[in-house]
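# Examining the three-dimensional arrangement
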Amino acid sequence: MKSVQEIFKNKEYLLEEPEVEKLVEYCEELQDELIEFKFQKTNNKELAMLDMLKEVIKGCDAVEKEQMEHERFGYEAPNYQVTISNLKSYIYSRCRDEKIWL
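Residues numbered from 1 in each chain as written. Predicted model: local features only at pLDDT ≥ 70, side-chain atom pairs only at ≥ 80, totals over all residues. Heavy atoms only, no water.

Scanning the protein from terminus to terminus reveals 4 helices and 0 strands. When the 102 residues of the protein are sorted by exposure, 17% land in the buried category. A total accessible area of about 8,500 Å² is found for the protein, and carbon and sulfur atoms account for 56% of it. (Helix = DSSP H or I, 4+ residues; strand = E, 2+ residues; numbered from the N terminus. Buried < 20%, exposed > 50% of the residue type's maximum accessible area, 1.4 Å probe, protein only. Areas by Shrake-Rupley, 256 points an atom, 1.4 Å probe, with all protein chains shown as cover.)

So this is what it looks like as structure tokens:
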């Protein structure tokens, strides 16, 4: 499956359109639902890890977007220390819930 960045790599300005943003959010929700359905169907730890990694990537994308807005509009810079701490907490709690030992 292609990522949003791959699809819009030649026309990144379209990603700022409200309709495209809504469509991207909807597609991400559908991907999450599909992963959850597959996990429920198979109860496979590999799918749990895949879901967790997708959430991590989604969080990283959000931080990157926030950083771009900071640079573009002069907003306050993201607090990466808090972001990293939240990311680690999410990973450890998901691993504990899924009984995946790192």
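Turning our eyes to something else, we now look at the packing of helix α3 (residues 45-73) against helix α4 (residues 80-98). Relative placement of two packed helices is described by the angle separating their axes and the distance separating the axes. Two elements in contact, α3 and α4, have axes whose closest approach is 11 Å; the angle formed by their N-to-C orientations is 170 degrees. One way to sum up the angle between α3 and α4 is to call them roughly antiparallel. Contacts between α3 and α4 involve Lys45, Ala48, Asp51, Met52, Glu55, Val56, Val63 and Gln67 from the former and Tyr80, Thr83, Leu87, Tyr90, Ile91, Arg94, Cys95 and Glu98 from the latter. Across the contact of α3 with α4, the residue classes tally to 9 nonpolar, 2 polar and 5 charged. (Axes fitted to C-alpha atoms, helices over the stretch in contact; angles between N-to-C directions. Parallel < 35°, antiparallel > 145°, perpendicular 65-115°, else oblique. Contact = heavy atoms within 4.5 Å. Nonpolar A, V, L, I, M, F, W, Y, C, P; charged D, E, K, R; others polar.)

This next bit is on a nonpolar patch on the surface. A contiguous nonpolar patch, built from Leu23, Tyr26 and Leu30 and spanning about 300 Å² of accessible area, is present on the exposed surface. The topology assignment puts tyrosine 26 in helix α2 (residues 18-42). Look at tyrosine 26 and you get partly exposed, because its relative accessible area is 47%. (Patch = residues over 30% accessible without salt bridge, like charges linked within 9 Å, V, L, I, M, F, W, Y side chains within 5 Å. Salt bridge = Lys/Arg side-chain N within 4 Å of Asp/Glu carboxyl O.)

Taking 1.5 Å per residue, 29 residues should reach 42 Å; α3 reaches 42 Å between its end C-alpha atoms and fits that length. Within α3 the residues assigned to the buried category are Leu47, Ala48, Asp51, Met52, Val56, Val63 and Gln67. Remark: glycine 74 follows α3 within two positions and exhibits a positive phi of approximately 75 degrees. (Expected span 1.5 Å × (residues − 1).)

On the surface, Glu17, Glu19, Glu21, Glu25, Glu29, Glu33, Glu66, Glu69 and Glu76 cluster together to form a negatively charged patch. Put simply, the parts of the chain that give the negative patch at least two residues each are α2 and α3. With 5 residues, α2 is the single largest residue contributor to the negative patch. The residue glutamate 21 is located in helix α2 in this model. (Lys, Arg positive; Asp, Glu negative; His and termini not counted. Charge placed at Lys NZ, Arg CZ, Asp CG, Glu CD.)

Let us look at the side chain of arginine 94. With respect to the helices and strands, arginine 94 occurs in helix α4. Excluding residues that lie within four positions of it along the chain, arginine 94 makes contacts with Ala48, Asp51 and Met52.

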